[in-house]
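Residue-level listing of the chains:
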Amino acid sequence: MAPLPHPLSALTVEESGVARDVVQAAYPNTLILFRQIFLREAPKSEVFAFLELEHSGKVTDSTPRPPRLAQVWFDVGGKDKDAEYVEAVVDIAARKITGTRSHGAGELSSLVMDEIREVPDACERSELFKQKLAEFELPDGFEAVVEPWPYGASDPTDDGTRRFQGIVYAVNRRDHGPDSNFYAYPIPLIPVMDSKTKEIVRVIEVATGGKDDPIVGATKRTNKKIIDHCRPAEYCPEKLPQGPRTDLKPLTVVQPEGASFSVNDGNRIDWQNWSMRLTFNPREGAVLHDIRFQGRSIVYRLSMSDMTVPYADPRSPFQRKQAFDFGDGGLGHAVNNLALGCDCLGVIQYFDGLVTNGNGSVETTENVICLHEQDGGIGWKHTDWRTGRAVVTRRRELVVQYIITLANYEYVFNFKFDQAGGITLETRATGIVSVVNIDPGKTAPWGNVVSPGALAQNHQHVFAARIDPAVDGLRNTLVQEESLPVKMNPATNPHGNYYHVEQTVIEKSAALDLAPEKHRVFKVQNHSKRNPVSGKHVGYKLGLPATQLLLADPDSVQAQRAQFAQHHLWVTKFEEDELYVGGRYPMQGRKEIGGVADAVKRGDSVQDEDLVLWAIYGLTHNPRVEDWPVMPVEVLEVHFSPSDFFTQNPAIDVPSNKDLGSWPCPV
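Residues numbered from 1 in each chain as written. Predicted model: local features only at pLDDT ≥ 70, side-chain atom pairs only at ≥ 80, totals over all residues. Heavy atoms only, no water.

Selection criterion: UniProt positions are given in the numbering used here, feature names are shortened, and annotations may be inferred rather than shown by experiment.
In the nomenclature of an unreviewed UniProt entry, the protein chain corresponds to Amine oxidase from the organism Microdochium bolleyi. The Subunit (unreviewed entry) field of the UniProt record for the protein chain holds the comment "Homodimer." According to the UniProt record, the Sequence similarities (unreviewed entry) comment for the protein chain is "Belongs to the copper/topaquinone oxidase family."

Okay, here's the thing in structure tokens:
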């Protein structure tokens, strides 16, 4: 008999098939559209108890295992009624549904790629769209391209119907071929599609004016040659007018003895005192479980939870231009195959994922996660001034990476582990800035002209990571630490150089903000254990970048549907299946429902409890010309580092070897 899958392993193709069959049997003679099928993790208390047995070597074939569960998201309907959205939990071994839920008022299920891809097809069928497009004269060899987008928040005049929209561009097929950069030629039309009828219900004429033009209503146009003032902006190397540079010598990553990591039991990773489990799901991407160092528990579960990208162009309909790139539609079909380019270097281990088709079948998406090592610069160094001897080590990092392409943007998500017990969540934004058409010679305060006729709108990218800590166990406490000045006084600060380190226990669930002027940091501590050297509680420190929070007015729809983006850190008490910072259903929502803000309102105690951290960080992107035609990466990092967790530098024993593959550059 085949061994049972580990409780923290993704569903297999066979298990997904069982889940599909159970749902189909429960809804006979009914039309079912399957949206997602992926692992529903078993109750945390059961899984953690199993992990403790596993790490102590006490698991046998007869040891009870947590149940294998699948969550199946689907639409069920028929000819005479509208489809109903259902989320079912299926017990794989028992082959039965153990629970269901549906969304409530004001909530719509996340999209699947098949339905959003209907937008360009609907435009091709639409006489209204053709009529609006015909009002413009495109140069010879150009044709329109419709890029589908989520609709954004429903307008007050909307009737709640599920809708999608498109952004229209022109592509130069004649001169630059199929890979030509169509973003350089924006056309000021936004078609809106009714998801049920698959028909274009309206086409919005977008204003092309600038700072001296009214923000309400389209600019009066006298010139039909709407893209004649635009210019090519190619990025494929063979299309560059100057060609790629030729003076760059090869830089090769060579690991002659192979990698220092190992992958066993399908998804268990071991490297440099670290161990962890890795899965992929279509809502969060890569998820890391049971993260331990030298066998000691640090994090139970680590993932990206969601992100929002609100745009700042005040002209309608751009108030609706706000993507939730995880929650609107998940990212299962948006992940990159990382074997195709130079996304990862060195000796690489790839991991596949599963995505669900509308009929419930699942397909393997290959190489959606890459695992590799990289050099991170100097790890530690000291030179003895008496003898002149220098001891230096290199900082080796283990990287778990996945990349998503969402229309014009790419996002690179890296989970990096170092030899000193630190974890870094690194986010990189690149791709092509979203542009709209602007009249010749005009500028606008809500964006920047990055190419003739192309206005890149100001916007923000706000990311949310979910950290489920387990620092030497599940009962943890969050402590806020500040370094504060102390006035000179004869008793404690006679020379004025002393400052006070103040710690405050966070007792109840809360929304918290950084204060760089106070060096405010947060530590997750286990108050049942003390460091034998310092006597302080063992812990891990969360280092967040003090980035700008959401700029939209708090009363605006943009702000109401992204309440999580208004504070740097949220702490809540753990609840099963509470994974999504902006709620389960941000699609077309006008308000965040069931997200972290609602979780904080429960007022749960989080002192010496099983708690969850939601780390918020981002970038305010006011585009520059150098972001065109493809922007260099913007890098953000969140650090989770040991703080009195060990008794010395855990990387003190990293070898100090010379790199015999390097040599001085000849003068």
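## A word on helix α4 (residues 118-125)
Counted only if it meets this: Burial classification: accessible surface area is computed with a 1.4 Å probe over protein chains only, and a residue below 20% of its type maximum counts as buried, one above 50% as exposed, and the rest as partly exposed. Helical segments are the DSSP runs of H or I of at least four residues, strand segments are the runs of E of at least two, and each set is numbered from the N terminus. Summarising the geometry, the arc corresponds to the directions from the helix axis toward the C-beta atoms. Contacts: residue pairs with any heavy atoms within 4.5 Å of one another.
Taken as a whole, α4 has its buried residues at Val-119, Ala-122 and Cys-123. Down the axis, α4 shows its buried residues gathered within 100° of arc, on one side only. Buried-residue contacts for α4 involve α3 (113-116), α5 (127-134), β5 (142-150), β6 (163-172), β8 (189-194) and β9 (199-205).

## Focus on the environment of Thr-252
Tracing the sequence through the fold places Thr-252 in the loop between β9 and β10 (262-264). Accessibility expressed as a relative area gives 60% for Thr-252, which makes it exposed.

## Examining the sheet that holds strand β22 (residues 447-451)
To be explicit about the condition: DSSP bridges decide pairing: two strands pair if at least two such bridges lie between them. Between N-to-C directions, angles cover 0 to 180 degrees, with each direction set by a line fitted to C-alpha atoms, over the stretch in contact for helices.
Pairing in this open sheet of 3 strands is antiparallel, and the strands run β21-β23-β22 from one edge to the other. The outermost strands of the open sheet, each flanked by one partner alone, are β21 (435-437) and β22. Direction aside, the axes of adjacent strands within the sheet are offset by 40° on average. Of the pairings in the sheet, the one linking β21 to strand β23 (residues 454-457) comprises 3 bridges and is antiparallel in character. Its bridge partner being in β23, Asn-437 is matched across the sheet by Ala-454.

## What about unusual backbone geometry?
Ser-316 connects to Pro-317 through a cis peptide bond whose omega is 10°. For Gln-272, which is not glycine, the phi torsion reads 45° and is therefore positive. With respect to the helices and strands, the residue Gln-272 is situated in the loop between β11 (268-271) and β12 (274-281). Positive phi is not limited to glycine here, since Asp-290 has a value of about 50°. Look at Asp-290 and you get buried, because its relative accessible area is 5%.

## A look at the sheet that holds strand β18 (residues 390-406)
Hydrogen bonds along the backbone pair up the strands of a sheet, which may run parallel or antiparallel. Spatial strand order, β16-β17-β18-β19-β20-β32-β29-β28-β25-β26: 10 strands in an open sheet with antiparallel pairing. Of all strands in the sheet, those with a lone pairing partner are β16 (349-356) and β26 (499-505), marking the two edges. Averaged over all neighbouring strand pairs, the angle between strand axes comes to 25°, with direction disregarded. Sheet topology places strand β17 (residues 362-383) next to β18; 11 bridges connect them, and they run antiparallel. Following the sheet pairing, Glu-373 is matched in β18 by Leu-398.

## Describing the packing of aromatic side chains
Any pair of aromatic rings gets described here by the distance separating the centres and the angle formed by the planes. Worth spelling out the cut-off: Aromatic pairs are defined between Phe, Tyr and Trp rings, using the six-membered ring for Trp, whenever the two ring centres lie within 6.5 Å; interplanar angles under 30 degrees are classed as stacked, those over 60 as edge-to-face, and all others as tilted. Consider the ring centre and the ring normal. A charge sits over the ring if Lys NZ or Arg CZ is within 6 Å of that centre and within 35 degrees of that normal.
Per the stated rule, a full pass over the model turns up 24 aromatic pairs. Where Tyr-409 meets Tyr-411, the ring centres are 5.7 Å apart and the plane angle is 20°; that geometry is what we call stacked. Relative accessible area serves as the criterion here: at 3%, Tyr-409 is assigned to the buried category. Look at Tyr-411 and you get buried, because its relative accessible area is 1%. One aromatic cluster is present, built from ring pairs that chain together Trp-274, Phe-293, Phe-417, Tyr-540, Phe-640, Phe-645 and Phe-646. Above the ring of Trp-149, the side-chain terminus of Lys-321 is found at 5.4 Å from the ring centroid. The cationic tip of Lys-321 hangs over the ring face of Tyr-311; the distance from NZ or CZ to the ring centre is 4.4 Å.

## Quick look at the state of the cysteines
This is how the line gets drawn: Defined by distance alone, a disulfide is two cysteine sulfur atoms within 2.5 Å.
Counted by the stated rule, this structure contains 1 disulfide. Linked covalently through their sulfurs, Cys-344 and Cys-370 form a disulfide whose S-S length is 1.7 Å. Judged by the torsion about the S-S bond (-65°), the Cys-344/Cys-370 disulfide is left-handed. With Cys-344 in the loop between β15 (322-324) and β16 and Cys-370 in strand β17, this residue pair connects regions lying 26 residues apart in the sequence. As far as burial versus exposure is concerned, Cys-344 and Cys-370 are alike and both buried. There is no disulfide at Cys-230, and the cysteine sulfur nearest it, in Cys-236, is 19 Å away.

## Observations regarding the pattern of salt bridges
Filter applied, for reference: Basic side-chain nitrogens of Lys or Arg form a salt bridge, by our definition, when they fall within 4 Å of a carboxyl oxygen of Asp or Glu.
Taken as a whole and judged by the stated rule, the model has 51 salt bridges. Between Asp-439 and Lys-442 there is a salt bridge, with the nearest N and O atoms lying 2.9 Å from each other. Among the ionic pairs, Lys-601 bridges to Asp-598, the shortest N-O distance being 3.6 Å. Linking Lys-601 with Asp-598, this pair stays in helix α8 (residues 596-601), spanning 3 residues, or about one helical turn. Since its relative accessible area comes to 59%, Lys-601 is described here as exposed. The network of salt bridges with common partners includes Arg-395, Glu-397, Lys-416, Asp-418, Glu-426, Arg-428 and Glu-637.

## A short note on helix α2 (residues 44-55)
Quick reminder of the rule: What a helix should span is 1.5 Å times the count of its residues minus one.
A rise of 1.5 Å per residue sets the reference length of α2, with its 12 residues, at 16 Å; its end C-alpha atoms lie 16 Å apart and thus fit the reference within 8%. Taken together, the buried positions of α2 are occupied by Lys-44, Val-47, Phe-48, Phe-50 and Leu-51. Projected down its long axis, α2 carries its buried residues within an arc of 160°, all on one side. Remark: Gly-57 follows α2 within two positions and exhibits a positive phi of approximately 75°.

## Considering the packing of α4 against α5
What describes two packed helices is the angle between their axes and the distance between those same axes. What counts is decided by this rule: In these notes the angle categories are as follows: under 35 degrees is roughly parallel, over 145 is roughly antiparallel, 65 to 115 is roughly perpendicular, and the rest is oblique. Note on residue categories: nonpolar means Ala, Val, Leu, Ile, Met, Phe, Trp, Tyr, Cys or Pro, charged means Asp, Glu, Lys or Arg, and polar means any other residue, Gly included.
Their axes nearest at 5 Å, the elements α4 and α5 cross at an angle of 75°. The angle between α4 and α5 falls in the class roughly perpendicular. Within the contact between the two elements, α4 uses Cys-123, Glu-124 and Arg-125 and α5 uses Glu-127, Phe-129 and Lys-130. Here the contact of α4 with α5 is composed, by residue class, of 2 nonpolar, no polar and 4 charged.

## Quick look at the side chain of His-621
What counts, and what does not: Pairs of N or O atoms within 3.5 Å make up the polar contacts considered here, provided that, within protein, one atom can donate a hydrogen while the other can accept it, and that residues adjacent in sequence are counted only when both atoms are side-chain atoms.
On the secondary structure map, His-621 appears in strand β31 (residues 611-621). The buried category is assigned to His-621, whose relative accessible area is 3%. A distance of 3.0 Å separates polar atoms of two side chains, one belonging to His-621 and the other to Tyr-409. Among the polar contacts made by the side chain of His-621, one reaches the side chain of Asp-627 at a distance of 2.8 Å. For His-621, the contacting residues outside a window of four places in its chain are Tyr-409, Val-433, Gln-457, Asn-458, His-459, Gln-460, His-461, Asp-627 and Met-631.

## Digging into the UniProt feature "modified residue: 2',4',5'-topaquinone" (unreviewed entry) in the protein chain
UniProt records the feature "modified residue: 2',4',5'-topaquinone" (unreviewed entry) for Tyr-409 in the present numbering. Apart from the residues lying within four places of it in its own chain, the contact partners of Tyr-409 are Tyr-311, Ile-404, Thr-430, Gly-431, Ile-432, Val-433, His-459, His-461, His-621 and Met-631.

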